[in-house]
Amino acid sequence: TAKCWLVLLSVSLSVSAHWNTVSQQTWRTVPVFCETSNVTGTFDSDALSTIVKYDMFVAEKAYDHPDVGFAEDKLSKLAAQLRAMNNNLTLVFYYNANLDLTDYRLYNITAQHAPDWWVRNSSGDVLIAKIDSGKGANPPFPYNAGVPAYDFQVPEMRTAWVQECFDMISSGFDGCMVDRWTRDPFKGQLGFSSEYIKAWENARDEATAALAKKAKEQNVYLVGEGTEVNAISFPGYGNGKDNFRLQLQYANEGLGLLASHKVGSVGDDFVSQLAMFLIGAAPGHYFGAGSWTCDHTHREGVTWRDEYDKPLGPPLGNATQEGVIWHRRFAYGTNVTYDESSGVGNISWGTFP
């Protein structure tokens, strides 16, 4: 374990010209990110003021869904608002490797080529995929009828999908997050042979590889899966008491991490998840999220935790292990312990210098 951590602390992440948060990561406080969307309107002033306190904001889908206009235009306007309030905030555009979200301009492009650019079964019917965001969406995302899925076997479709990210970089974002990077839309769907599914998966992988290659060439920060991205999105991080071990693996591979706590976490449960994160934290690792949606009454997605203001300081060395108990010390006097058997952690906060 100690040898592993000697590698971790010397990790040098590939930092984008668009995205310099890693180089600015001072460890003064816990590095945190926010990933959410107001699906019923725009963010109010309190929400905006909270979002800009984070180090990173991932703009989830369906923002201001009831209003007319394309999601990309609404999000570009939001990016400008947030940038004016905090120029150091890293802004990440969310999109999907399966779901053709109906309020996006990209959907308008694919619809012009319907049904050729959408997945169709053996009868020629367009596949309609469901949104499965679970407890992370309260209120739920407004795609109740489901949405089509991209047919990446069409080369022009792949090109348009890749370009979506770079169009949003030109519109004020620093990077892109791709959801369902290695998933497919075929669960519970009839009329698809194993050969068709395999061909679709190969084409999807060709699209994500093209995206990763272009992002690297243009120094664009990319969140997804695999080793060719800058960071891994881990929405289930807080659900597993040993997930810090995957975190160590990602750090050894030079990968950043967006580690989400469980929805509704409070008190000792929240502290334990944060302690686990701090045991495994490396450059480019961020803690937060939990809720993918919010509105004027559901506020978890735009809630700032007291722990995010506490003094941390850079790590003073390797995380050490005594049986099932892990320890780590930070420069401002903060001490973290974590029991990987019980999943219970404790943080004794220090003081700012």
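Residues numbered from 1 in each chain as written. Predicted model: local features only at pLDDT ≥ 70, side-chain atom pairs only at ≥ 80, totals over all residues. Heavy atoms only, no water.

Trainee: Sorry if this is basic, but what is going on with empty space enclosed by the protein here?
Mentor: Picture a little ball the size of a water molecule; that probe, rolled over the atoms, points out where space is still empty. Tallying each qualifying case throughout the model produces 2 cavities of 30 Å³ or more. Within this model, the largest cavity holds a volume of roughly 70 Å³. F33, C34, E35, Y54, H261, A289, S291, E300, G301, T303, R305 and Y308 together form the lining of the largest cavity. For the lining of the largest cavity, the class distribution of residues is 5 nonpolar, 4 polar and 3 charged. Each pocket or cavity is described by its volume, and for the second largest cavity that value is around 40 Å³. A per-class count over the lining of the second largest cavity returns 6 nonpolar, 1 polar and 1 charged. (1 Å grid on protein atoms, 1.4 Å probe; cavity = no way out; pocket = protein on both sides within 12 Å on 5 of 7 lines; lining within 4 Å. Points joined across faces, edges and corners; volume = space filled by probe spheres on them. Nonpolar A, V, L, I, M, F, W, Y, C, P; charged D, E, K, R; others polar.)

Trainee: Explanation requested: the sheet that holds strand β13 (residues 335-339) in the structure shown.
Mentor: If you walk across this open sheet you meet the 4 strands as β11-β12-β13-β14, and the pairing is antiparallel. Each edge of the open sheet carries a strand with a single partner, namely β11 (320-322) and β14 (344-348). Shown here is a sheet whose adjacent strand axes are inclined to one another by a mean of 20°, direction ignored. Where β13 lies against β14, 5 bridges are found, and the strand directions are antiparallel. Bridge assignment links V336 to a residue of β14, and that residue is I347. Against the sheet, helix α9 (residues 267-280) makes contact with β12 (325-329), β13 and β14, and its axis sits at roughly 75° relative to β14, the strand it touches most. (Pairing = 2+ DSSP bridges. Helix = DSSP H or I, 4+ residues; strand = E, 2+ residues; numbered from the N terminus. Axes fitted to C-alpha atoms, helices over the stretch in contact; angles between N-to-C directions. Contact = heavy atoms within 4.5 Å.)

Trainee: Explanation requested: helix α8 (residues 244-252) in the structure shown.
Mentor: In an α-helix there are 3.6 residues to a turn, and that puts residues three or four apart on one side. Among the residues of α8, F244, Q247, L248, Y250 and A251 are the ones counted as buried. Along α8, the residues classed as buried sweep out an arc of 160° about the axis, all on the same side. Residue G254 follows α8 closely and has a positive phi angle near 80°. (Buried < 20%, exposed > 50% of the residue type's maximum accessible area, 1.4 Å probe, protein only. Arc of directions from axis to C-beta.)

Trainee: So what exactly am I meant to see when it comes to the state of the cysteines here?
Mentor: Among covalent bonds in proteins, the disulfide is the one between the sulfur atoms of two cysteines. Inspection of the entire model under this criterion finds 1 disulfide. For C165, the disulfide goes to C176, at an S-S distance of 2.2 Å. Classification of the bridge connecting C165 and C176 rests on its S-S torsion, roughly 105°, and on that basis the disulfide is right-handed. Separated by 11 residues along the polypeptide, C165 in helix α6 (residues 155-170) and C176 in strand β6 (residues 175-179) bring together distant segments of the chain. The buried category is assigned to C165, whose relative accessible area is 0%. Look at C176 and you get buried, because its relative accessible area is 0%. C34 takes part in no disulfide bond, and the closest cysteine sulfur to it belongs to C294, at a distance of 7.7 Å. (Disulfide = S-S within 2.5 Å.)

Trainee: Sorry, what's going on with unusual backbone geometry here?
Mentor: Note: most peptide bonds trans; most residues except glycine with negative phi. The peptide bond linking A114 to P115 adopts the cis configuration, its omega dihedral lying at -5°. The phi torsion at R180 lies on the positive side, around 60°, for a residue other than glycine. Relative to the helices and strands, R180 resides in the loop between β6 and α7 (194-217). A residue is classified by how much of its surface remains accessible, and R180, at 5% relative accessible area, is buried. Backbone geometry places N219, a non-glycine residue, at a positive phi of 55°. For N219, a relative accessible area of 38% gives the class partly exposed.

Trainee: Please clarify how the pattern of salt bridges should be interpreted in this entry.
Mentor: Where charged atoms from two side chains of opposite charge come close, those side chains can pair. Under the defined criterion, the tally for this structure stands at 11 salt bridges. Ionic pairing is found between D116 and R120, a salt bridge with its closest N-O pair at 3.7 Å. Its relative accessible area of 28% is what places R120 among the partly exposed residues. The closest approach of N and O atoms between E217 and K213, which form a salt bridge, is 2.6 Å. Here K213 and E217 lie together in helix α7, a separation of 4 residues that amounts to about one turn. Comparing E217 with K213, the two get one shared label, exposed. (Salt bridge = Lys/Arg side-chain N within 4 Å of Asp/Glu carboxyl O.)

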